[in-house]
Amino acid sequence: MSDLSVIVPMHNAEAFLPTCLATLRANDADGRRFILVDDASTDQTPELLERAASEMPGIRVLTNSGNVGAWGSRNAAHALVDTRYITYLDVDDWLAPGHLDRLEAAIVDLGVDVVRTDHVRVDGLARTLVRAPERRRSIGYPAQEAIGPAGRRAVVDYPFLWAGIYDVTRIGRENLDFDATMRTAADRPWFWRLYMTAGTAAVVDLHGVFYRKTANVGALTQAGNESTLHIIDAFARVRDLVVASGREDWTARAAASAADMVTFHVARRARLSPELRRELYRRAGDLLRSFPDDARAAGVATLPREQRAVIRRILGAS
Amino acid sequence: MTDLVLVRSFGEAARAAAAVDAGLIAHDAVLLVARTGPVPEVATRLQASAAFAPIRARFSTIADLNDILEPYHPLAPTISDARLAKRLSEALGGLHVGRVVADATVIGAGARPVPLPEADPASIVAEALAPHRLGPAPDAIVLGAAPGDHADASEVHAGLVRAALELGPRIVLAPHPDAPPASHLAAERVAAEAGATLEVLDEAVPIELALAAWPDVPQFSGGTGMGTAAPAPTRPRRRGAVARRLDTARSLVRAYTFRP
């Protein structure tokens, strides 16, 4: 008997929904819930959902009266969760048949608050296996170890909601919701809060999520538009969390991640208009200066020399 | 040394089975089945279809190439030939592979397959058809295209059904096994608006069975390279508006047909 809810937000998803529904059918189980959130679609999504709900008893359709975005949609779904475990799926991605059975078995067997998995990135027919940045596999450890020291990529830097399963009773329902005021990257502060506050975590060798890279045209790392800069807001939320925790090591760790993110976007500045470029430098400088000086210095010191030079220039400009 | 026979569709599998009957492929051959659509993880397994029974009976072992290559795609298996050989060997219980028989080169750069023999699959198709009850013949059969992306399949199917409705109100749509699930919804709307009925053939019923059951029914297709699927239309004497519509449908399909 499954004790898992799968949350799938969508907006105008008729092109992807049939494949998504087929993948849910191939992952159905007794007691498993599929909470499909229609975020005020204007295409055939409502009809497709209605038909699917009549065919699969595990489906609950939630319809937003106005468009609230993917984070708000996931939050609305949280209120309907009556199972112990939850996971997420994006409507343009799909799962290997039986993946959810293996995912649920992993968290039940390990008895930890959160289990993360590898995933497969799909670009046309080409596929790349993307490993979660953790060598320890199928073994529980204190969740805070998923943050790790500054200068080393760790599971907290692997912001893929759907590559994981979460124990609602252990994590606490009050810790589930995303900051829906953020347009993108609300999963960044969400994962930081999760790993700062949860008890135990694990990573397993599953890779049954197929993440469609090309369909996601608005993806943060590809778009050369204003939304690129929203990632800075996400790291400002992370900064608030770590500073409030009083943990200097975490603050340095978050400063290092923020600085690394800034250099990533500076290196790809050619995609931005001159106005957006100036905006990036200004807001990135504000973000980095907003970290306590010691923590920022300690964090930036862990970056490679070229990245440190970029950060010095950003901090020098005002 | 055991022959390894690779097939991607019911049509190819039926030909391979007929080749066993004709003595062109050995009885102890291994049949390797591949799903090669854009999202093979959600495609129906050929081996799960009731129509597969006569094919299963003609091979010593049936293996699933997608399972062996998991999580990679058979048309773009980004693993080394050595790892591929190891996985194949494990999946086939250490069998020594002799010839690779295939119409496609989907298993590693090192494999130089010999083509699938041209054996007439009619008896295999008839055997597969026997347990199915397909009902009375429709006015036209639409053979679904295998488009490369999800939005396109619906348009192609709707265009073909619109053209087929010229021949009568009872249309059967046989979706391509690689087409996304429910890509027939737009076509259903087209039929409903015309007051016609569109029957969508169950995934477990291969196109070849429908063609064998209703040999005289005109077919609309886009030439997707499906096994025995005939080029459209089979009744060239229907000219005029129908032919024009067919041309439209064909050009639509040409524009959208998936080419790996």
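Since this is a predicted model, take the numbers as computed values, not measurements. Each chain has its residues counted from 1, running along the sequence as written. Chains and ligands are labelled by the order in which they are written, letters from A for the one and numbers from 1 for the other. Where totals are concerned, whole chains, interfaces and linings use all residues; where local detail is concerned, this predicted model gives features only for residues with pLDDT of at least 70, and gives and counts side-chain atom pairs only at 80 or more. Hydrogens and water molecules were not included; the side-chain quantities draw on all heavy atoms of the structure.

(A) Region of interest: the overall build of chain B. Strands are runs of DSSP state E lasting at least two residues, helices are runs of H or I lasting at least four, and both sets are numbered from the N terminus onward. Looking only at helices and strands, one finds nine helices and eight strands in chain B. Accessible area is worked out with a 1.4 Å probe on protein chains only. A residue is then buried under 20% of its type maximum, exposed over 50%, and partly exposed in between. For chain B, buried positions account for 53% of its 260 residues. Of the contacts made within chain B by residues no fewer than 6 positions apart, 76% connect residues no fewer than 24 positions apart. Accessible surface is estimated by sampling points in the Shrake-Rupley manner with a 1.4 Å probe; for residues, cover comes only from the protein chains shown. Counting only carbon and sulfur atoms, one obtains 52% of the accessible surface of chain B, whose full area is about 11,200 Å². In what follows, a contact means two residues having at least one pair of non-hydrogen atoms within 4.5 Å.

(B) Just the overall build of chain A, in detail. On a plain count of helices and strands, chain A comes out with eleven helices and twelve strands. Of all 318 residues assigned to chain A, the portion counted as buried reaches 55%. Sequence-distant contacts in chain A: of pairs separated by 6 or more residues, those separated by 24 or more amount to 81%. In the form shown here, chain A has an accessible surface area of approximately 13,200 Å², with 50% of it arising from carbon and sulfur atoms.

(C) Representation of the nonpolar core. Remark: nonpolar core denotes a set of buried residues (Ala, Val, Leu, Ile, Met, Phe, Trp, Tyr, Cys) joined through side-chain atoms within 4.5 Å. With 100 residues, the main nonpolar core has Leu36, Tyr166 and Tyr195 of chain A as its most contacted residues. Per element, the largest residue contribution to this core is eight residues, and it comes from helix 8 (residues 248–267) of chain A. Discounting residues that sit within four places of it in the chain, Leu36 of chain A has contacts with Val8, Met10, Leu21, Leu24, Leu49, Ile59, Arg60, Val61 and Leu62 of chain A. With 39 residues, the next largest nonpolar core counts Phe10, Ala19, Val172 and Leu211 of chain B among its residues.

(D) Representation of the interface of chain B and chain A within the structure. With 21 residues of chain B at the interface, the matching set in chain A holds 20 residues. Values labelled buried area give the accessible surface lost by two parts on being combined, using a 1.4 Å probe and summing over both. Contact between chain B and chain A buries roughly 1,700 Å² in total, counting both sides, with carbon and sulfur atoms accounting for 63%. Throughout this description, the term salt bridge denotes a Lys or Arg side-chain nitrogen within 4 Å of a carboxyl oxygen of Asp or Glu. In this assembly, chain B and chain A are joined by two salt bridges. Of the charged contacts in the structure, one is a salt bridge between Arg127 of chain A and Glu41 of chain B, with a shortest N-O distance of 2.6 Å. Polar contact criterion, stated in full: a pair of N or O atoms within 3.5 Å, where within protein one must be able to donate a hydrogen and the other to accept it, and residues adjacent in sequence count only if both atoms are side-chain atoms. If you look at where chain B meets chain A, you find six residue pairs in polar contact (both at pLDDT 80 or more). Of all the secondary-structure elements, those providing two or more residues to the side of chain B that touches chain A are helix 6 (150–164) and helix 7 (185–193) of chain B. Sort the elements by how many residues they give to the side of chain B that touches chain A and helix 7 of chain B lands first, with three residues. Looking at the side of chain B that touches chain A, its residues break down into 14 nonpolar, three polar and four charged. Residue classes follow a fixed rule: Ala, Val, Leu, Ile, Met, Phe, Trp, Tyr, Cys and Pro count as nonpolar, while Asp, Glu, Lys and Arg count as charged, and any other residue, Gly among them, counts as polar.

(E) Expanded view of the packing of helix 7 (residues 230–245) of chain A against helix 9 (residues 274–289) of chain A. Residue and element names in this part refer to chain A. Between N-to-C directions, angles cover 0 to 180 degrees, with each direction set by a line fitted to C-alpha atoms, over the stretch in contact for helices. Following both chains from N to C, one finds helix 7 and helix 9 inclined at 5°, their axes separated by 10 Å at the closest point. As the angle between them shows, helix 7 and helix 9 are arranged roughly parallel. Of the residues in helix 9, those touching helix 7 at Ile232, Asp233, Phe235, Ala236 and Arg239 are Leu280, Arg283, Ala284 and Leu287. Looking at the contact of helix 7 with helix 9 residue by residue, the classes come out as six nonpolar, no polar and three charged. Any angle that is under 35 degrees is reported as roughly parallel, and any over 145 degrees as roughly antiparallel; angles of 65 to 115 degrees are reported as roughly perpendicular and all others as oblique.

(F) Quick peek at the pattern of salt bridges. Residue and element names in this part refer to chain B. The tally for this structure, following the rule as stated, stands at 35 salt bridges over all chains. Of the charged contacts in the structure, one is a salt bridge between Arg99 and Asp3, with a shortest N-O distance of 2.8 Å. Of the two residues, Arg99 sits in strand 4 (residues 97–102) while Asp3 sits in strand 1 (residues 2–7), which places them 96 residues apart along the sequence. Classification of Asp3 by relative accessible area gives buried; the value is 11%. Of the charged contacts, one joins Arg8 and Glu12 as a salt bridge, the two residues approaching to 2.5 Å between their closest N and O atoms. On the basis of relative accessible area, Glu12 is assigned to the buried category, the value being 8%.

(G) View of the sheet that holds strand 5 (residues 94–95) of chain A. Residues and elements named next belong to chain A. Read from one edge to the other, the open sheet built from four strands follows the order 5-12-7-8, with strand pairing classed as mixed. Of all strands in the sheet, those bounded by a partner on one side alone are strand 5 and strand 8 (126–130). Note: two strands are recorded as paired if DSSP finds a minimum of 2 bridges between them. Bridge count for strand 7 (residues 119–123) against strand 8 is five bridges, and the pairing is antiparallel. By the bridge assignment for strand 8, Val122 is matched with Arg127.

(H) Molecular detail of the confidence of the model for chain B. Across the chain, each position has a pLDDT score giving the predictor's confidence in that residue, from 0 to 100. Here chain B averages 79 in pLDDT, and 79% of its residues register 70 or above. Note on residues 223–260 of chain B: pLDDT is under 50 here. Beyond four places in sequence and across chains, it has 66 contacts.

(I) View of the packing of helix 7 of chain A against helix 8 of chain A. All names here are of chain A. Orientation of helix 7 relative to helix 8, taken along the N-to-C sense of each, is 170°, at an axis distance of 9 Å. Relative to helix 8, the element helix 7 is oriented roughly antiparallel. Residues Ile231, Ile232, Phe235, Val238, Val242, Val243 and Ser245 of helix 7 touch helix 8, and the partners they reach there are Trp250, Thr251, Ala254, Ser257, Ala258, Met261 and His265. Looking at the contact of helix 7 with helix 8 residue by residue, the classes come out as ten nonpolar, four polar and no charged.

(J) Looking closely at the pairing of strand 2 (residues 30–33) of chain B. Residues and elements named next belong to chain B. The alternating pattern of strand 2 places Val30 and Leu32 on one face and Leu31 and Val33 on the opposite face, and all of these are buried. Where strand 1 lies against strand 2, four bridges are found, and the strand directions are parallel. When the bridges of strand 2 are listed, Val7 appears paired with Val33. The path from the first strand over the helix to the second decides the hand: if it runs clockwise while the strands point away from the viewer, the crossover is right-handed. Regarding topology, helix 1 (residues 10–21) serves as the crossover connection from strand 1 to the parallel strand 2, and that connection is right-handed. One ladder, built from four bridges, connects strand 2 with strand 3 (residues 61–64); its direction is parallel. Residue pairing across strands places Leu31 opposite Ile62, the latter belonging to strand 3.

(K) Representation of helix 10 (residues 293–300) of chain A. All names here are of chain A. Residues Ala295, Arg296, Gly299 and Val300 constitute the buried set of helix 10. Taken down its axis, helix 10 places every buried residue within 120° of arc, on the same side. Every exposed residue of helix 10 that faces more than 90 degrees away from the buried side is listed here: Asp293 and Asp294. Directions drawn from the helix axis to the C-beta atoms are what define this arc.

(L) Up close: unusual backbone geometry. Cis geometry marks the peptide bond from Glu70 of chain B to Pro71 of chain B, where omega comes out at 5°. Despite not being glycine, Ala40 of chain A shows a phi value in the positive range, around 55°. By secondary structure assignment, the location of Ala40 of chain A is in the loop between strand 2 (33–38) and helix 2 (45–55). Despite not being glycine, Ser138 of chain A shows a phi value in the positive range, around 55°. Here Ser138 of chain A shows up in the loop between strand 8 and strand 9 (141–142).

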